[in-house]
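Tertiary structure, described
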Amino acid sequence: MAAPARVLVVDDSPTMRGLITAVLSQDPDVSVIGQAGDAMEARAAIKQLNPDVVTLDIEMPNMNGLEFLEKIMKLRPMPVIMVSTMTHRGAEATLAALEIGAFDCVAKPQPGEPRPFGELAEKVKAAARSQHRHHSAPHVQPVATAPAADFRVGRKIVAIGSSTGGVEALIAVLQKFPRNCPPTVITQHMPPTFTKSFAERLNRLCAPVVEEATDGARLEIGKIYLAPGGERHLQVSNASAPCCRLVERAPVNGHRPSVDVLFDSVAELAGRNAVGVILTGMGRDGASGLLKMRHAGARTIGQNEKTCVVYGMPRVAHELGAVEHQLPLTSIGEEILKLTAARKEGIE
């Protein structure tokens, strides 16, 4: 039997430290070995206790969580889960943290929330199991994309699903897209309010237009639509004029929005005129939907184990037979473009 994941909780609020500790202590496979109220205390505790995982508050006195995370990743890389407020400022800082190399993020609970930090224990255990401590995240920079004139877009729709590690992965994939990329819909597991900031961040980094999906938005060449986090699932509908639909349904695989819900709708709407991609993430969301896409004639891609932060969703999809090609992250963007380009003898 594996030893419990050893966690250091870092937050300037004693109340928040107590709440996080209480939530994690309910799981027998997690052990909170220490607490710290600021970066200096955390630094000493890391040296003394050598935790498997650190939970780190974004906003702290003296040195904020982002600055401290940069030092951790340079001097002693280890899995760090960021704890953030649901504000726009908190979302922006969390996205920066995920790009620096944080394993994942959780949102601080709202008043009256029935299950505060509901997924935290599972994320801590996944972080402890990962090899994330043995590599530092690549510094994300805009890269040259193929000029629009060099890419003749066909008629395919691209659907992408991702979770833990997805911020880095999506940036790496979408920076390869030209300005006239195929219509692309994405479900990334992320707290509410974070997806708007993430869409804005992608829009600054990538050549196509990236926006948070709205109900009824027409799928257009050169546009990428990110499912908003929170209360609704993203689907596509209307074969004659494909568009986004935000639907109110219970969570699927514990998620809302769910990758399976998106992939199921793409399989039904587009069939062979689609490309499905499943990237790094915990759990199995998206695996059965990707299989439906493949059975409907779509081309399908899964991120390989070596380049995943968490080889969960792509692993299950691969085991189900949903993945046609398993590729390293650096090759996925180019492969999508190959599969969606118009053929020389005519547009697909």
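Residues numbered from 1 in each chain as written. Predicted model: local features only at pLDDT ≥ 70, side-chain atom pairs only at ≥ 80, totals over all residues. Heavy atoms only, no water.

The protein chain is annotated in an unreviewed UniProt entry as Protein-glutamate methylesterase/protein-glutamine glutaminase of Agrobacterium albertimagni AOL15. Listed in UniProt under the heading Subcellular location (unreviewed entry), the comment for the protein chain reads: "Cytoplasm". Per UniProt, the protein chain has the following entry under Sequence similarities (unreviewed entry): "Belongs to the CheB family." (UniProt positions renumbered as here; feature names shortened; annotations may be inferred.)

Below, the discussion takes up the UniProt feature "modified residue: 4-aspartylphosphate" (unreviewed entry) in the protein chain. Residues given the UniProt feature "modified residue: 4-aspartylphosphate" (unreviewed entry) here are Asp-57. Looking at the secondary structure, you find Asp-57 in strand β3 (residues 53–57). Overall, Asp-57 belongs to the buried group, its relative accessible area being 3%. Residues within four places of Asp-57 in sequence aside, it is in contact with Val-10, Asp-11, Asp-12, Gly-65, Val-83 and Lys-108. (Helix = DSSP H or I, 4+ residues; strand = E, 2+ residues; numbered from the N terminus. Buried < 20%, exposed > 50% of the residue type's maximum accessible area, 1.4 Å probe, protein only. Contact = heavy atoms within 4.5 Å.)

This paragraph deals with the pairing of strand β2 (residues 30–36). Direction of pairing for strand β1 (residues 5–10) relative to β2: parallel, over a ladder of six bridges. The residue bridging Ala-5 from the neighbouring strand is Val-30, located in β2. This β-α-β element, β1 to helix α1 (residues 14–25) to β2, shows right-handed connectivity. (Pairing = 2+ DSSP bridges. Right-handed = clockwise from strand over helix to strand, strands pointing away.)

For the rest of this paragraph, the subject is the pattern of salt bridges. Between side chains of opposite charge, a pair can form when the charged atoms approach closely. The final tally for this structure, using the stated rule, is 17 salt bridges. A salt bridge links Arg-201 to Glu-99, with the shortest nitrogen-to-oxygen separation between them at 2.7 Å. Residue Arg-201 is located in helix α7 (residues 194–205), and its partner Glu-99 is located in helix α4 (residues 88–100); the two are separated by 102 residues in the primary sequence. The exposure class assigned to Glu-99 is buried, which follows from its relative accessible area of 11%. Several salt bridges converge on common partners, so that one network encompasses Asp-11, Asp-57 and Lys-108. (Salt bridge = Lys/Arg side-chain N within 4 Å of Asp/Glu carboxyl O.)

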